Amino acid sequence: MHRLANPTRFLRLCNMVKPWAMAITLLCLATGLYFSLFKSPPDYQQSDTVRIMYVHVPAAWMAMFCYSAMALSSAAALIWGHLVAQLIAKATAPIGASFTFLALITGSLWGKPMWGTWWVWDARLTSVLILFFLYLGFIVLHDAFDDTSRGARAASILAVVGAVNVPIIKFSVDWWNTLHQPASVVKLDGPAIHSSMLVPLLLMACGYTGFYLWMLIVRMRAEFNSNKIRAIRIRQANR
Amino acid sequence: MSQLFTFLDMSGYGNFIWPAFGISAIILLGILVHSQRFLKRTEKELETLNNQVNTSDIA
């Protein structure tokens with residue numbers, strides 16, 4: 001793990017992974033969309049609105065996955081001071097915020113025809129909204145200080161503390177009475193969803209994961225460049 | 001033609017389903033474009049700065 005803290009080694013790994021991430025994204029999203037829109041059947045209760053699940057659920061999964069990745073790398077950055085870990089958290093934040101925004105918007109578009117309302121202040125929806133604000137807080141805090149290392153440290157602390165929200169989101173549907181349905185895929189006794197719907201859902205989830213990796217690699221390279229630019233500018237200013 | 005309209009109508013829920021897919025596509029494409037532009041901008045800036053450093057070192 002610590003071997004990857006070396007930026008050169010990490011970027012070499014990124015260059016190797018990038019074409020695979022691109023291929024997985026394009027292949028899974030193309031087949032996932034085909035199955036989601038043409039092959040999967042309408043639900044016996046929710047009719048065709050169930051198709052929103054294929055963009056909503058993977059976005060919600062990625063929102064939590066990205067936050068977990070951001071919190072873990074922030075913790076690594078705080079403990080060991082690794083630049084790579086700090087940049088992973090910084091590069092992940094806008095991607096995770098976008099997935100969270102998507103989960104909220106697509107959930108709202110699914111909620112209106114099924115629940116009769118765009119929004120309700122129940123535990124699941126509110127905790128995901130808090131997650132979105134945590135992402136925004138991380139992004140804003142990172143650039144709020146003239147001293148970038150202080151900004152990174154403050155944002156990392158926020159990410160680590162905010163990680164408590166991730167299990168709350170996951171178990172909110174079990175702990176409280178919510179309008180949101182309980183888990184039907186990630187369950188101890190196996191998924192309670194028919195394979196005709198599970199396959200497109202998993203394909204879309206794979207596509208979203210590949211997309212996250214692809215974007216993470218692109219943004220990491222850009223963040224490394226930004227760091228080098230800042231270092232050159234400081235050197236020039238001190239001459 | 002009627003088959004296409006039936007498909008787009010999505011049992012009367014097309015007004016909710018298509019915006020969900022459309023917004024997802026727009027946001028994902030938005031991240032893709034933003035990230036690529038971010039990378040290109042930093043690559044260009046780094047190249048310019050490196051050239052400046054090399055020129056001043058020679059001078």
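Residues numbered from 1 in each chain as written. Chains lettered and ligands numbered in written order. Predicted model: local features only at pLDDT ≥ 70, side-chain atom pairs only at ≥ 80, totals over all residues. Heavy atoms only, no water.

(A) Representation of the overall build of chain A in the model. Scanning chain A from terminus to terminus reveals seven helices and zero strands. Ordering the α and β elements of chain A from the N terminus gives α-α-α-α-α-α-α. Here the C-alpha radius of gyration of chain A, 20 Å, is about what a compact globule of 239 residues would show, namely 18 Å. Each principal axis of the C-alpha atoms in chain A carries an extent, and together these give about 70 × 35 × 30 Å. (Helix = DSSP H or I, 4+ residues; strand = E, 2+ residues; numbered from the N terminus. Rg over C-alpha atoms; globule rule 2.2 N^0.38 Å.)

(B) Summary view of the overall build of chain B. Regarding its fold elements, chain B presents two helices and zero strands. Its C-alpha atoms give chain B a radius of gyration of 24 Å, clearly above 10 Å, the size a compact globule of 59 residues would have. Counting only C-alpha atoms, chain B reaches 75 × 20 × 5 Å along its principal axes. Mean positive and mean negative side-chain charge positions of chain B (4 and 5 charges, respectively) differ by 4 Å. (Lys, Arg positive; Asp, Glu negative; His and termini not counted. Charge placed at Lys NZ, Arg CZ, Asp CG, Glu CD.)

(C) Representation of the interface of chain B and chain A within the structure. Every contact between the two is made by 31 residues of chain B and, on the other side, 40 residues of chain A. Of the roughly 3,200 Å² buried between chain B and chain A on both sides combined, carbon and sulfur atoms contribute 76%. Of all residues in chain B, Phe16, Phe21 and Leu28 of chain B bury the most surface against chain A, accounting for 20% of the area lost on that side. Between Glu45 of chain B and Arg233 of chain A there is a salt bridge whose closest N-O contact spans 2.9 Å. (Contact = heavy atoms within 4.5 Å. Buried area = accessible area lost by both parts, 1.4 Å probe. Salt bridge = Lys/Arg side-chain N within 4 Å of Asp/Glu carboxyl O.)

(D) Here's a closer look at the layout of surface pockets. Residues and elements named next belong to chain A. Computed from the structure, the largest pocket encloses a volume of approximately 760 Å³. Along the walls of the largest pocket sit 32 residues, with His56, Val57, Arg124, His180 and Gln181 positioned nearest its centre. Counting residues per element, the ones that place at least two in the lining of the largest pocket are α2 (53-80), α3 (83-115), α4 (123-142) and α6 (165-175). The element contributing the most residues to the lining of the largest pocket is α3, with eight residues. Per-class residue counts for the lining of the largest pocket are 22 nonpolar, eight polar and two charged. (1 Å grid on protein atoms, 1.4 Å probe; cavity = no way out; pocket = protein on both sides within 12 Å on 5 of 7 lines; lining within 4 Å. Points joined across faces, edges and corners; volume = space filled by probe spheres on them. Nonpolar A, V, L, I, M, F, W, Y, C, P; charged D, E, K, R; others polar.)

(E) Seen up close, the packing of α3 of chain A against α4 of chain A. All names here are of chain A. Close contact between α3 and α4 brings their axes to 9 Å; oriented N to C, the two are set at 150 degrees. Taken together, the axis directions place α3 and α4 in an arrangement best described as roughly antiparallel. For the pair α3 and α4, the sense of crossing is left-handed. Counted together, Gln86, Ala89, Lys90, Ala93, Pro94, Gly96, Ala97, Thr100, Phe101, Leu104 and Trp115 of α3 and Leu125, Val128, Leu129, Leu131, Phe132, Tyr135, Phe138, Ile139 and His142 of α4 form the full contact between these two elements. In terms of residue class, the contact of α3 with α4 is made up of 15 nonpolar, four polar and one charged. (Axes fitted to C-alpha atoms, helices over the stretch in contact; angles between N-to-C directions. Parallel < 35°, antiparallel > 145°, perpendicular 65-115°, else oblique. Left-handed = near helix turned anticlockwise from the far one by under 90°.)

(F) Broad picture of unusual backbone geometry. Unlike most non-glycine residues, Ser47 of chain A shows phi in positive territory, near 55 degrees. Summarising the element assignment, Ser47 of chain A is placed in the loop between α1 (7-39) and α2. Its identity as a non-glycine residue notwithstanding, Ser11 of chain B has a phi of 55 degrees, on the positive side. As for its placement among the helices and strands, Ser11 of chain B is situated in the loop between α1 (2-9) and α2 (14-58).

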